[in-house]
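Observations on the model geometry
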Amino acid sequence: MIKIYPHLVQKSQNKHYFYHGAIITERNVPSSVSLGMFVFTTTNPMKDKRTKNKIPDEELSKRLLVHEYGHTIQSLIFGPLYLIVMGIPSTLWGFLPYFQNKRNNGVSYFSFFTEKLANYLGEKVTKEKSMENAII
């Protein structure tokens, strides 16, 4: 017999839904990540310095979802090589101080090959607009 301890079970505050076959989880963290068919998006996307207050938050979140879904398509294309070919370079581009410095000087996060391809694939498959060359 399995005993359930309700006081130990935490109810998730995250929103979950399907998007083009992928499972989406919205989280209140500063970044988003796609791991195959599992996509974790932020509920508070960074604002483009050039278009701040010009794109509504809801539209920005939708574009970020299309971008992250593009990473899901990359994962389907590259299979087990996805993490080596796309995941590691993308993570380094996102978190190494040297590259963060470049982005602070006006280089778009989405200009890097992994991110540019994710935008392209996301738009191609969903027929919706992605992040373009937002400066974040």
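Conventions adopted
Residues numbered from 1 in each chain as written. Predicted model: local features only at pLDDT ≥ 70, side-chain atom pairs only at ≥ 80, totals over all residues. Heavy atoms only, no water. Salt bridge = Lys/Arg side-chain N within 4 Å of Asp/Glu carboxyl O. Helix = DSSP H or I, 4+ residues; strand = E, 2+ residues; numbered from the N terminus. Buried < 20%, exposed > 50% of the residue type's maximum accessible area, 1.4 Å probe, protein only. Axes fitted to C-alpha atoms, helices over the stretch in contact; angles between N-to-C directions. Parallel < 35°, antiparallel > 145°, perpendicular 65-115°, else oblique. Contact = heavy atoms within 4.5 Å. Nonpolar A, V, L, I, M, F, W, Y, C, P; charged D, E, K, R; others polar. Core = buried A, V, L, I, M, F, W, Y, C linked by side-chain atoms within 4.5 Å. Polar contact = N/O pair within 3.5 Å; in protein donor to acceptor, adjacent residues only side chain to side chain. Expected span 1.5 Å × (residues − 1).

Considering the pattern of salt bridges
- For the structure shown, the criterion picks out four salt bridges.
- Here E128 ties to K62 by a salt bridge, and the two come within 3.0 Å at their closest N and O atoms. Pair noted here: E128 is in the segment after α4 (113–126) and K62 is in helix α1 (residues 57–78), with a separation of 66 residues, a long-range link.
- Classification of E128 by relative accessible area gives partly exposed; the value is 23%.
- Overall, the relative accessible area of 32% leaves K62 in the partly exposed class.
- Linked by salt bridges that have partners in common, E59, R63, K129 and E132 make up one network.

Quick look at the packing of α1 against helix α2 (residues 82–95)
- Between α1 and α2, the shortest axis-to-axis distance is 9 Å and the interhelical angle comes to 150 degrees. Classed by the angle they form, the pair α1 and α2 counts as roughly antiparallel. Listed contacts from α2 to H71, Q74, S75 and F78 of α1 are Y82, V85, M86 and S90.
- In terms of residue class, the contact of α1 with α2 is built from four nonpolar, four polar and no charged.

A closer look at the nonpolar core
- If you look at the biggest cluster of nonpolar residues, it comprises nine residues: Y19, A22, I24, V39, L65, V66, Y69, I73 and L121.
- Sorting the residues of this core by element identifies β2 (22–27) and α1 as the ones contributing at least two each.
- No other element matches the four residues that α1 contributes to this core.
- Other than its neighbours up to four places away in sequence, Y19 contacts I24, K62, L65, V66, Y69, T126 and E128.
- Core analysis: the next-biggest nonpolar cluster, separate from the first, contains eight residues, Y109, F110, F112 and M131 among them.

Structural notes on the side chain of T126
- Note on placement: T126 falls in helix α4.
- Reaching out from T126, the side chain makes a polar contact with the backbone oxygen of G122 at a distance of 2.6 Å.
- Reaching out from T126, the side chain makes a polar contact with the backbone nitrogen of E128 at a distance of 3.2 Å.
- In this view, T126 contacts Y19, H20, V66 and Y69; residues no more than four positions away in its chain are not counted.

Some remarks on α2
- In this model, α2 (14 residues) spans 18 Å end to end at C-alpha, consistent with the 20 Å of a helix rising 1.5 Å per residue.
- Those residues of α2 not exposed but buried are Y82, M86, G87, P89, S90, W93 and G94.
- Looking at the buried positions of α2, the neighbouring elements they touch are β3 (33–35), α1, α3 (97–104) and α4.

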